[in-house]
There are 2 protein chains.
Amino acid sequence: MAFLLTFLGKGGTGRTTVAIAAAKQFAEQGYRVLLASQNPGPGFDLMMGAPIGTEPQELGVNLKAVQLRSTVLLEKAWEDLKKLEAEYVRTPFFKTVFGQELGILPGMDSALALNALREYEGSGSYDVIIYDGPGDLSTLRMVGSPEILSWYARRFRQVIADSDLGKALSPFVQPVTAAVFTVNLAGDNFAEPTERANAVLDDAKRAISDPNRVAAYLVTTGDEVAIATAQYYWGSAQQVGLSVGGVIANPARTPLNSSALQTAFDPLSVVTLPEHTGDWQPLIAALPDLKQAANAPKPIEIDIIHGQVKLFLPKFEKSQVKLTQYGPEVTIEAGDQRRNIFLPSELRGKPVKAAKFQGGYLTITF
Amino acid sequence: MAFLLTFLGKGGTGRTTVAIAAAKQFAEQGYRVLLASQNPGPGFDLMMGAPIGTEPQELGVNLKAVQLRSTVLLEKAWEDLKKLEAEYVRTPFFKTVFGQELGILPGMDSALALNALREYEGSGSYDVIIYDGPGDLSTLRMVGSPEILSWYARRFRQVIADSDLGKALSPFVQPVTAAVFTVNLAGDNFAEPTERANAVLDDAKRAISDPNRVAAYLVTTGDEVAIATAQYYWGSAQQVGLSVGGVIANPARTPLNSSALQTAFDPLSVVTLPEHTGDWQPLIAALPDLKQAANAPKPIEIDIIHGQVKLFLPKFEKSQVKLTQYGPEVTIEAGDQRRNIFLPSELRGKPVKAAKFQGGYLTITF
C-alpha cells in the first residue's frame, strides 16, 4: 500500500517547491515515489526543469512524475464507462459519444484526480505518492468526497424509496431494466453495481482516515494571512478526517518568527526550511520525517464504552462550530464544511446528551 | 445590468489586494459596488480589516462586501428547490431532508457561487460586482460551465432519446409523471422546466460572452512562474469565451521588468502598481480603467459570410491546440479545456475545410 501525502497552504507559500523536495527526499531514502501534479499551467514544468507528461515518467532513481490532466483522464474514464456499458447494456448508447468531445465541468477535476490517485495507489508500483494539487479547500472537498457521497447515497436512497416517485417507479423497474440490461438486475434493484460502488467508497474512506496511508502537512510563510490560512486548513482538514502531520515554514518571502509559529500550531512540530536558491539538497536535508502524521492528534476518536465522540477542530472559535441533529445523523459544521458522523451501531440513532467545545476538541456524549 | 469583474493569476500574486482596490476605485467613481469573496479562510477578513458576513454589508459609500460561503448558499438553494418541489410534486420527498444536513461535494462551490453572482446581478442593486474567487482554472471552469452544460444537455438528450433506455422508458413517462406531479407535464416531456433551465443557461452564456458585462484581468508579479501562469490563464480564459482586459503587475515580491512584461502580454496593456504599504489610495490611483475589456481581442469572432470562425488563443503552442470533429460539433482543445462550438445555423453541420493556427489565432474555415 502506498502512502499518499499532500501539502496545504495559501497560494504562493511554496507548496510545490516543498512537494518536489519531499518527493526527492523519499526517493533518496529508497522509496519508489510518484510525484503527481495537478497544476494545469506551465508552472510545474518550469519548477521541475523539464516538461512532465500525462503518463508517469522516470526523473531519477526511484522517482517518477506525472501531470494529472483532466481532459486526458476524462477520455480514459469515458472509455472505462463504455466498457462497463457494453458489458451490461443490450444496446449501448454512450458508445455514440466520444471522450474527445467532453468538456470539463466544475468538480470533475477533483473526481478525476482522486480516481487517478486511487489507481496509482492500487497499482502496487509506488511506496509514496506526493499529490501536488490546489492545496486549498478544494483539495479538502476532494478528500472529503467519499464520506459525503456515502452520506448522500444512504440518505437519499431511503427518501426516494419512501416517496411517491419511488412507489410510482417501482412497478416499471423490472420491465425497463429487462429491456435495457443484459443481466437481470431487477431482483434486488441494482444490488451488484451499488455494492461495487459502495466498496470503492468504503476503501477510500478507510485509507483517508488512516494517517499511515493518507496525510497532509501545512506550508506557510511568516506572512500573517498565510499563517491564518494554514491554521484554517488545519482545522478544515480534521473536518474531512484528514490527519495533519506538521508544519513546514518557508522563509522565502517574509521574515519568520519561529517561536510564534510554534505557538500558532501547537502541538504540531514546525520545521523551517532554508531559502531555496536552486540547489535542492539543503531543502531535502531540512525536511522533517514526513511519515509521522500518526503521532499528531487524530481528527476523530470514538469511545463506544463511554458513549463519546471526540473531534479535533483546532483554531476554530466556539461560535464557528455547530452541532445539529436535523436528520437521522449528527451533523458537524465548521469552516464552511459539513460532516455527518456515521456512528458505530452501538451509538447510532441515540440522541446527543451533551456537547462541549474546549481546547480545540469537540466532545459529544450520547 | 451589472458589470462582473474578476482577477486571474497564480496564488500569492496579490489578486485579493487588487480586487479590494478595484472595488474601492469603482465606489469612489460613484458606481454601486459589491465585492463578493469566495475565500473560505480568514484571509479576506484580515485584508479587509473587518469580519465580512454572508449577507452584503455596507463598508463605505457605494461599497458593500459579502462572503460566498457554500454551506449557507447550499441551505438557501435547498430551500428554493423545496419550494419548486412543493409547487410541482404531489407528495414532496425532498422536504424530509434539511439543508442543514447537506455536505459540500466538489463542484458545488462553483455552482453555488455562480448562482449567487447571477442573483446579485439580477437584483438591480449593483453597477459593478467584483468576484474574488480562486482566480485559477477552477474559476474558468465555473465561467465555462453554462456553455458546457448546454452542450451536455443537447448532446445527451438526443443520445438518450434514440437509445433502448429512452424507448423502454417512454411508455412509462405519462403514468409516472401523472402519479407524481401536480401538473400534466407528460405531453411534451418536461418542456416547461427544460425551457426554463435553458433560458437561465442562455442568459448566462450571453452575459459571459459580452466584455461589457463580464471580464477578467490578469495579475502577476515579476516571478517567472507567475508570469507563465498568467499567460496560461489568458489563453484559457479565451477558451471559455471570457474576455481579458489587461494585466496588473504587482512589484511586491520580485523586481519587475516592465518592457519584458509588455512583450509577454502584447497586445494587452500592462499597468504596474506601487508597493502596498497599507494605504489603499496609491493602489486605487494606479489602477487602469477596468471597464475597457471590450477593446481587448475578442475570444471568438464568427464571420458567416466568409464561413470563418476565428478564436484568440494567445500563448499556446500550435502543438497544444487540437481541433476535432468527432461528434456533431467542432471541438477545440487547449489548456486542459475543451470547447464545443455551437455554430449559427448557416454553418452548423458543415465539415471543416481548413484550419490554421497563427499569431495566437485559430482560424477555421467551413
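Bear in mind the structure is a predicted one, so any value in this text is a computation, not a measurement.

## Remarks on the overall build of chain A
- Per the secondary structure count, chain A includes 10 helices and 15 strands.
- Since a compact globule built from 366 residues should have a radius of gyration of about 21 Å, the 23 Å found for chain A is in line with a globular shape.
- By residue count, 51% of the 366 residues in chain A fall in the buried class.
- Restricting to contacts in chain A with at least 6 residues of sequence separation, those with at least 24 account for 69%.
- Total accessible area computed for chain A in this model is approximately 15,600 Å², and 54% of it derives from carbon and sulfur atoms.
- Computed over 34 positive and 38 negative side-chain charges, the inter-centroid distance for chain A is 5 Å.

## Things to note about unusual backbone geometry
Residue and element names in this part refer to chain A.
- Backbone torsion omega between Asp 266 and Pro 267 reads 10°, so that peptide bond is classified as cis.
- In this structure, Pro 267 sits in the loop between α9 (258–264) and β8 (270–272).
- Even without being a glycine, Asn 62 presents a positive backbone phi close to 70°.
- As for its position among the elements, Asn 62 is in the loop between β3 (57–60) and β4 (63–67).
- The partly exposed category is assigned to Asn 62, whose relative accessible area is 26%.
- With a phi close to 55°, Asp 336 is a non-glycine residue in the positive phi region.
- Along the chain, the position of Asp 336 falls in the loop between β12 (330–334) and β13 (337–341).

## Focus: helix α4 (residues 108–122) of chain B
All names here are of chain B.
- With 15 residues, α4 should reach 21 Å at 1.5 Å per residue; the first-to-last C-alpha distance of 21 Å fits that figure.
- For α4, the full list of buried residues reads Asp 109, Ser 110, Leu 112, Ala 113, Ala 116, Leu 117 and Tyr 120. Axial view of α4: buried residues confined to an arc of 170°, hence all on one face.
- In the stretch just after α4, Gly 124 is the one whose phi turns positive, near 75°.

## What about helix α5 (residues 137–162) of chain A?
- A rise of 1.5 Å per residue sets the reference length of α5 of chain A, with its 26 residues, at 38 Å; its end C-alpha atoms lie 35 Å apart and thus fit the reference within 8%.
- The principal kink in α5 of chain A, of about 50°, is found at Ser 145 of chain A, preceding the proline Pro 146 of chain A by one to four residues.

## Details of the sheet that holds strand β12 (residues 330–334) of chain B
Residues and elements named next belong to chain B.
- One open sheet accounts for 3 strands, arranged β11-β12-β13; its pairing is antiparallel. Only two strands of the sheet have a single neighbouring strand rather than two, namely β11 (322–324) and β13 (337–341). When the angles between neighbouring strand axes are averaged without regard to direction, this sheet yields 20°.
- Here β11 runs beside β12; their pairing, made up of 3 bridges, is antiparallel. In the sheet register, Thr 324 faces β12, and the bridge partner there is Thr 331.
- On top of the sheet, helix α8 (residues 224–239) reaches β12 and β13; it is set at about 30° to β13, its chief contact.

## Focus on the pairing of β3 of chain A
Residues and elements named next belong to chain A.
- As paired strands, β3 and β4 are joined by 3 bridges and run antiparallel to one another. Along β4, the bridge assignment pairs Gln 57 with Ala 65.
- Between β3 and β4, which pair antiparallel one after the other, the connecting turn spans 2 residues, and Asn 62 there sits at a positive phi close to 70°.

## What to know about the relation of the copies chain B and chain A
- Screw-axis analysis of chain B against chain A gives a translation of 0.0 Å along the axis, an RMSD of 0.0 Å, and a rotation angle of 180°. Taken together, these values place the two copies in the relation of a two-fold axis.
- An overlap of 100% is found between the interface residues of chain B and their copies at the interface of chain A, pointing to a shared contact surface.

## Examining the pattern of salt bridges
Residue and element names in this part refer to chain A.
- Going through the model one piece at a time under the given rule, you end up with 32 salt bridges over all chains.
- Measuring nitrogen to oxygen at the nearest pair gives 3.0 Å for the salt bridge that ties Arg 339 to Glu 147. You can see Arg 339 sitting in strand β13 and its partner Glu 147 sitting in helix α5, a full 192 residues away along the chain.
- For Glu 147, a relative accessible area of 23% puts it in the partly exposed group.
- Notably, a salt bridge pairs Arg 206 with Asp 203, separated by 2.7 Å at the nearest N-O pair. Taken together, the residues Arg 206 and Asp 203, both in helix α7 (residues 191–208) and 3 residues apart, mark about one turn of the helix.

## Considerations on the interface of chain B and chain A
- Between chain B and chain A, the contact holds 72 residues from the first and 72 residues from the second.
- Surface buried jointly by chain B and chain A totals about 6,300 Å² across both partners, of which 67% is contributed by carbon and sulfur atoms.
- At the boundary of chain B and chain A, one finds 6 salt bridges.
- Across the pair Arg 141 of chain B and Asp 109 of chain A runs a salt bridge whose closest N-O atoms are separated by 2.7 Å.
- In this assembly, chain B and chain A are joined by 28 residue pairs in polar contact (both at pLDDT 80 or more).

## Quick word on the domain arrangement of chain A
Residue and element names in this part refer to chain A.
- Domain boundaries assigned for chain A yield domain 1 (3–73 + 101–149 + 205–295) and domain 2 (300–365).
- Taken over C-alpha atoms, the centre of domain 1 sits 28 Å from the centre of domain 2.
- In this complex, domain 1 contributes 16 residues to the contact, which on the side of domain 2 involves 14 residues.
- Approximately 1,300 Å² of surface area, both sides summed, lies buried where domain 1 meets domain 2, with 50% of it carried by carbon and sulfur atoms.
- For domain 1, the biggest contributors to the area lost against domain 2 are Glu 147, Gln 238 and Gln 239; these three give 43% of the whole.
- The interface formed by domain 1 and domain 2 contains 2 salt bridges.
- Here domain 1 is connected to domain 2 by 9 residue pairs in polar contact (both at pLDDT 80 or more).
- Counting only elements with at least two residues in the side of domain 1 that touches domain 2, the list comes to α5, α8 (224–239) and α9.
- Counting residues per element, the side of domain 1 that touches domain 2 draws most heavily on α8, at 7 residues.

What counts, and at which threshold
- Residues numbered from 1 in each chain as written.
- Chains lettered and ligands numbered in written order.
- Predicted model: local features only at pLDDT ≥ 70, side-chain atom pairs only at ≥ 80, totals over all residues.
- Heavy atoms only, no water.
- Helix = DSSP H or I, 4+ residues; strand = E, 2+ residues; numbered from the N terminus.
- Rg over C-alpha atoms; globule rule 2.2 N^0.38 Å.
- Buried < 20%, exposed > 50% of the residue type's maximum accessible area, 1.4 Å probe, protein only.
- Contact = heavy atoms within 4.5 Å.
- Areas by Shrake-Rupley, 256 points an atom, 1.4 Å probe, with all protein chains shown as cover.
- Lys, Arg positive; Asp, Glu negative; His and termini not counted.
- Charge placed at Lys NZ, Arg CZ, Asp CG, Glu CD.
- Expected span 1.5 Å × (residues − 1).
- Arc of directions from axis to C-beta.
- Bend = angle between axes of the 7 residues up to and from the residue.
- Pairing = 2+ DSSP bridges.
- Axes fitted to C-alpha atoms, helices over the stretch in contact; angles between N-to-C directions.
- Least-squares fit on C-alpha atoms with pLDDT ≥ 70 in both.
- Salt bridge = Lys/Arg side-chain N within 4 Å of Asp/Glu carboxyl O.
- Buried area = accessible area lost by both parts, 1.4 Å probe.
- Polar contact = N/O pair within 3.5 Å; in protein donor to acceptor, adjacent residues only side chain to side chain.
- Domains from an automatic or database assignment.

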